[in-house]
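The primary structure of each chain is shown beneath.
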Amino acid sequence: MTKEPDVIHVTGFLTQAEADDLLSTILKQADFRQYNSGYGVPRPRMEAWYGSWDYRYSGGTVLKAAPIPDWLSPVFEKVKTAGFGDYNAVLINRYRDGYDKVDPHSDDDYGDPFPTIPTLVLGAMRPFWLRLKQDHKTKVSYRPSHGDLLVMRGRTNADWQHWIARTSKPVGERISLTFRKK
Ligand SMILES: O=C(O)CCC(=O)C(=O)O
């Protein structure tokens, strides 16, 4: 077990203009909804799912399968060309302000014990936290901002949980795209 996660932070993965364009297209076109957790409580962020299978959260929430829109194809291609994998689905998360968050978790829907998980960030910078599952104390954070790609690799998802913390600081809207495959 390493005390360092295997994470690559690619700054400027998209140019400023590409990132601006994609952000404005997503805000106009993506079918964001606020889903409930398994206990009927609204999840504190909005989500849009594009993939050929239903995306299921533990607790029973289901994001229905939807075709990947054409305007997302170039970004899948760019992730593939950069050598981070060939994906066929994406979960787009929208954190409207500092109140929106996602709690510590691992992504266990890849059907792969050691998945490579690229996350493209648009909009405001929010620290991306990781903690070791073994002790919940060893923590590392990254600061991906508009147009950056953060890639978790190797044992990272197996040994670490990741999250976006709530903050009372004024922060703008943040969008993340997490690429998935089956
Ligand atoms: O928004 C992020 O950067 C993290 C997203 C995430 O952890 C997830 O959707 O599984």
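From a predicted model like this one, the values you see are computed outputs, not experimental measurements.

## A few points about the overall build of the protein
Next, step 1: Tallying secondary structure elements over the protein gives 3 helices and 12 strands in all.
Next, step 2: Here the C-alpha atoms of the protein give a radius of gyration of 15 Å, agreeing with the 16 Å that 2.2 N^0.38 yields for 182 residues.
Next, step 3: Per-residue burial for the protein yields a buried fraction of 30% across its 182 residues.
Next, step 4: Counting contacts in the protein only where the partners sit at least 6 residues apart, residues at least 24 apart contribute 75% of the total.

## Some points on unusual backbone geometry
Next, step 1: Positive phi outside glycine occurs at His136, with the angle close to 60 degrees.
Next, step 2: With respect to the helices and strands, the residue His136 is situated in the loop between β8 (128-132) and β9 (139-142).

## Comments concerning the sheet that holds β8
Next, step 1: The strand order β6-β11-β8-β9 describes an open sheet built from 4 strands, whose pairing is antiparallel. Each edge of the open sheet carries a strand with a single partner, namely β6 (102-105) and β9. Put simply, the sheet's adjacent strands are angled 15 degrees from each other on average, direction ignored.
Next, step 2: Sheet topology places β8 next to β9; 4 bridges connect them, and they run antiparallel. Its bridge partner being in β9, Arg131 is matched across the sheet by Lys139.

## Structural notes on the site of the ligand
Next, step 1: Lining the immediate environment of the ligand, one finds Leu91, Asn93, Val102, Asp107, Thr119, Phe128, His162, Ile164, Ser176 and Thr178.
Next, step 2: Elements with a minimum of two residues in the shell around the ligand: β5 (89-95), β11 (160-164) and β12 (174-180).
Next, step 3: Its residues assigned to classes, the shell around the ligand comprises 4 nonpolar, 5 polar and 1 charged.

Conventions we followed
- Position numbers for residues start from 1 in each chain and track the written sequence from start to end.
- For this predicted model, a pLDDT threshold of at least 70 governs which residues receive local features, and a threshold of 80 or more governs which side-chain atom pairs are given and counted, while totals over whole chains, interfaces and linings are taken from all residues.
- Counting from the N terminus, the helices are the DSSP runs of H or I reaching at least four residues and the strands are the DSSP runs of E reaching at least two.
- With the radius of gyration taken over C-alpha atoms, the globule rule is written as 2.2 Å times the number of residues to the power 0.38.
- Here the C-beta atoms are placed from the backbone, and a residue counts as buried if at least 20 other C-beta atoms lie within 10 Å of its own, exposed if 12 or fewer do, and partly exposed otherwise.
- Here, residue contact means that the backbone-derived C-beta atoms of the two residues sit within 7 Å.
- Two strands pair under a simple rule: DSSP has to find at least two bridges between them.
- A fitted line through C-alpha atoms represents every axis, and for helices the fit uses only the stretch in contact; the resulting angles, taken between N-to-C directions, go from 0 to 180 degrees.
- For each residue, a C-beta atom is placed from the backbone, and the residue counts as near a molecule or strand when that atom lies within 6 Å of it.
- Residue type decides the class: Asp, Glu, Lys and Arg count as charged, Ala, Val, Leu, Ile, Met, Phe, Trp, Tyr, Cys and Pro as nonpolar, and the leftover types, Gly among them, as polar.

Worth remembering: the numbers are spatial, not functional.
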